[in-house]
Amino acid sequence: MTGPAARLRERWAAVRAGLEEFYAGPYRTTMRRARREEDDLFLLVVLAEALGVPDPAAYYSAEVLPATLPELHAWHRRMGMEASPLDHVGCC
Amino acid sequence: MSSLWLLIVGLAMLAGGYLLYSRFLAGRVYRLDPEFTTPAHELRDGVDFVPTNKYVLWGHHFTSVAGAAPIVGPAVAVIWGWLPAFLWVTLGTVFFAGMHDLGALWASVRNRGRSMGMLSGRYIGARGRNLFLVVIYLLLLMVVAAFAVVIKNLLLSTPSAVIPAWGAIVVALVVGQMIYRWGVSLLLTTVLGVAALYGLILLGDAYPITLPDPVLGMSPATFWILTLFVYAGIASLLPVWVLLQPRDYINGVQLFVGLAILYGATLLSAPDVVAPAVNDQVPAGTPGLLPLLFVTIACGAISGFHGMVSSGTSSKQLDGEDDARFVGYFGAVGEGLLALGAIIAATAGYATLADWQAVYTAFNEGGVAAFVQGGGSIINAGLGIPASLSATILATMAVLFAATTMDTGVRLQRFVVQEIGEVLGLRVGKYLATGIVLVIAVGLTFSAGAGGDGGMRIWPLFGTTNQLLASLTLAIVAVMLMRKGRNPLPALVPLAFVFVMAFWAAILQLGTLRDSGDWLLLGIDVVIILAAVWVGLEAVLAMRDARRRPVETDEDDRRALEDVGS
């Protein structure tokens, strides 16, 4: 679809996107950081059993375990551990 | 003389500055390169480093640097007559602020978006970073205290602004919910939010609220100040999406609305400037124009705070290096426009010279109240909005700008307190940290009397600190230019001027603060003088060293950054 109508729609979409950005931009960092902190805590809970902390919900957290693997490396670096804290998972 | 001349000449100077001087700076001095890979691309992570459209980025940059300060400063400074303030705002914006803001942005972009504090580590010395922390904390502390007094004065002098000023908090809370909980589109939310705010302004104008005296055993002034700090404390602790984000956004929109109203009304009514060009009958006790003018107007002419915004957030979002000219320099021009509007409102909004003199009875009298009153009558003449309603609009706007600076300021100070705690090996929780911040800020506000009567004595000191911060940034930019074998004069001349004026003002204020027995402010002034001496020494040493080194290339930059980065 081309023509002035489509171009107008495009412009309109750009203005709305700019406005969204104007709203979200200044606090994006703060919010993403807060979310990352929550995720980090969640990861700690999920990994509790594997780290040697008894976890009454281990039956359920074990199920989530594989999903945490992609994040594991970045997580342990953020938590100030140079190498992976899990004996059976070596990521670096 | 018609204020239209002020408007036309001022706009022409700012436009000339942007079209000519910023082109010279971008081409010859900073040599902005559209091909350069900016940090937003190189380190793109979607959190801090995000390439952003230059108009949107300019909007962020402008709305974070402009607020109540470019209104308060000029409105106080016109006591010396309109000409000194006018010249300092226009020439300052063109040759000082624009150069400084663009320079800070460029310096940070060339250093992977690092902040000025980090840059001082590379160009001035490791101690520079601690110096930055101290100066920034003092700056935030003073702005919070000064704005508490500004808002208190406005709420007392314009009682019709009480309902909209506090009601705006509810509007912001609802806007936050609409966007994140109810999923209403932003455009509709904006329209509804702004409409609600103006509805509150109408309501406030119909029902002005004057507090009884005493209220809860305090004078109304004391009550408002305490309430403001309680508000700032709570607001700074809430999750940002609940209150701070929608409030900042609405203020951003308001800033554009306000500028349009003020300039439109001036164009349509072209009121006469009643204030003298140079006031040779200043009220007794007014300090000399030299050097106090140059610290009374900081934001609006040159302000170190802009360097923090430039290097803290804007530099991480710059899409292409050549966008820096628009974002940095034109951001400063935007603030100059606001300051120019404040000058016109505070000098042309009165019918006769006697009326004007009746407002400016002493230094720090008049100020924002004069802006509100004068601007109100200009809007009345230009747009036909009743004078009291116009004044309510302006007062609400000024209160909102000042209040958001207060809550953000308390929040940022909390982080500094926590950081200092970490250095000392203590873990300071956010409630305790906020408590510490509030106690110090309230103490500073009341140190000048229980009604905060002398609170505006902080204002010139705030400007002094701000200029000191600007000197630090300019010193870093000058050292960078010298190391790269470029012409450092565009940075060195403003640096020398601003530094000398700020230092001189700090020394003079030692005397006035001692006479008024304001020991807390006197102590702060001493710290500022020590910091200034330190800045001066470090900068001279760094420049001597820069002249001896071989010229740095882009390749050298890359190597230096990798050393630090690892």
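Small disclaimer: the values here were computed from a predicted structure and weren't measured.

Undergrad: Please set out the overall build of chain A residue by residue, giving values where relevant.
TA: Per the secondary structure count, chain A includes 2 helices and 0 strands. Since a compact globule built from 92 residues should have a radius of gyration of about 12 Å, the 21 Å found for chain A marks it as more spread out than a globular shape. A principal-axis box enclosing the C-alpha atoms of chain A has dimensions of 65 × 30 × 30 Å. For chain A, the proportion of its 92 residues judged to be buried stands at 8%. When contacts within chain A are restricted to residue pairs at least 6 apart in sequence, those whose partners lie at least 24 apart make up 23%.

Undergrad: Go over the overall build of chain B, please, and point to the residues and values.
TA: Of regular secondary structure, chain B possesses 22 helices and 0 strands. The C-alpha extent of chain B, read off along each of the three principal axes, is 65 × 55 × 45 Å. When burial is assessed residue by residue, chain B has 56% of its 566 residues classed as buried. Contacts in chain B between residues at least 24 apart in sequence constitute 85% of all its contacts with a sequence separation of at least 6.

Undergrad: Tell me what's going on with the interface of chain A and chain B, and back it up with residues and numbers.
TA: Counting from both sides, the interface comprises 16 residues of chain A and, opposite them, 17 residues of chain B. For the side of chain A that touches chain B, the class distribution of residues is 6 nonpolar, 4 polar and 6 charged.

Undergrad: Provide a residue-level description of the UniProt feature "domain: CstA N-terminal" (unreviewed entry) in chain B, including the pertinent values.
TA: As recorded in UniProt, the sites labelled "domain: CstA N-terminal" (unreviewed entry) are residues 3–347 and 362–505 of chain B. Summarising residues 3–347 of chain B: 71% helix, 0% strand, and an end-to-end C-alpha distance of 9 Å.

Undergrad: Can you lay out the packing of helix α7 (residues 128–157) of chain B against helix α16 (residues 367–383) of chain B for me, pointing to particular residues and giving the numbers?
TA: Residues and elements named next belong to chain B. Following both chains from N to C, one finds α7 and α16 inclined at 45°, their axes separated by 9 Å at the closest point. What the angle tells us is that α7 and α16 run oblique. In this structure, α7 meets α16 at a crossing whose hand is right-handed. For the pair formed by α7 and α16, the contact residues are Val150, Asn153, Leu154 and Ser157 on the first element and Val368, Ala369 and Val372 on the second. A breakdown of the residues in the contact of α7 with α16 according to their chemical character gives 5 nonpolar, 2 polar and no charged.

Undergrad: How would you summarise the packing of helix α1 (residues 4–51) of chain A against helix α3 (residues 54–65) of chain B if you had to cite specific residues and measurements?
TA: Axis angle and axis distance: for two packed helices, these are the angle between their axes and the distance between the axes, and together they describe the pair. Between α1(A) and α3(B), whose axes approach to 9 Å, the crossing angle comes to 45°. Here α1(A) is positioned oblique relative to α3(B), judged by the angle of their axes. The way α1(A) lies across α3(B) gives a crossing that is right-handed. Residues Gly18(A), Glu21(A), Phe22(A), Gly25(A) and Pro26(A) of α1(A) lie in contact with α3(B), whose contacting residues are Tyr55(B), Val56(B), Gly59(B), His60(B) and Ser64(B). Residue classes in the contact of α1(A) with α3(B) are distributed as 4 nonpolar, 5 polar and 1 charged.

Undergrad: Any details on helix α5 (residues 82–109) of chain B? Residues and values, ideally.
TA: Residue and element names in this part refer to chain B. Relative to the 40 Å expected for 28 residues at 1.5 Å per residue, α5 spans 38 Å between its end C-alpha atoms, a close match to the ideal helical length. Taking the largest bend as the criterion, α5 deviates by roughly 55°, centred on Thr93. Burial runs high along α5: 24 of the 28 residues are buried.

Undergrad: How would you summarise the nonpolar core if you had to cite specific residues and measurements?
TA: One recurring pattern in soluble globular proteins is that nonpolar side chains are buried together. Residues and elements named next belong to chain B. Core analysis: the biggest nonpolar cluster contains 190 residues, and Ala146, Leu154, Ile343, Ala398 and Ile476 have the highest contact counts within it. Of all the elements, α7 adds the most residues to this core, at 20 residues. When residues no more than four places from it in sequence are discounted, the contact partners of Ile476 are Ala107, Met116, Leu119, Ser120, Tyr123 and Ile124.

The rules we used
Position labels on residues start from 1 in each chain and follow its written sequence. For this description, chains carry letters from A and ligands carry numbers from 1, given in the order in which they are written. For a predicted model such as this one, the threshold for reporting local features is a pLDDT of at least 70, and the threshold for listing and counting side-chain atom pairs is 80 or more; totals across whole chains, interfaces and linings nevertheless cover every residue. Going along the chain from the N terminus, every DSSP run of H or I of four or more residues is numbered as a helix, and every run of E of two or more is numbered as a strand. We compute the radius of gyration from the C-alpha atoms alone; for a globule the expected value is 2.2 Å times N to the 0.38, where N is the number of residues. Put simply, a residue is buried when 20 or more other C-beta atoms lie within 10 Å of its own C-beta and exposed when 12 or fewer do; between those, it is partly exposed, and each C-beta is set from the backbone. Any pair of residues counts as being in contact when their C-beta atoms, constructed from backbone geometry, are within 7 Å of one another. All residues other than Ala, Val, Leu, Ile, Met, Phe, Trp, Tyr, Cys, Pro, Asp, Glu, Lys and Arg, Gly among them, are scored as polar; the first ten of these are nonpolar and the last four charged. UniProt positions are given in the numbering used here, feature names are shortened, and annotations may be inferred rather than shown by experiment. Note on geometry: axes are lines fitted to C-alpha atoms, helical ones only across the stretch in contact, with angles between N-to-C directions running from 0 to 180 degrees. These descriptions rest on fixed angle ranges, namely under 35 degrees for roughly parallel, over 145 for roughly antiparallel, 65 to 115 for roughly perpendicular, and the rest for oblique. The handedness criterion is simple: a crossing whose near helix is rotated anticlockwise from the far helix by less than a right angle is left-handed, and one whose near helix is rotated clockwise is right-handed. Working rule for helices: expected span equals 1.5 Å times residues minus one. One axis fitted to the seven residues ending at a residue, another fitted to the seven starting there: the angle between these axes is the bend at that residue. Here, a nonpolar core denotes buried Ala, Val, Leu, Ile, Met, Phe, Trp, Tyr and Cys residues that are linked to one another through C-beta atoms within 7 Å.

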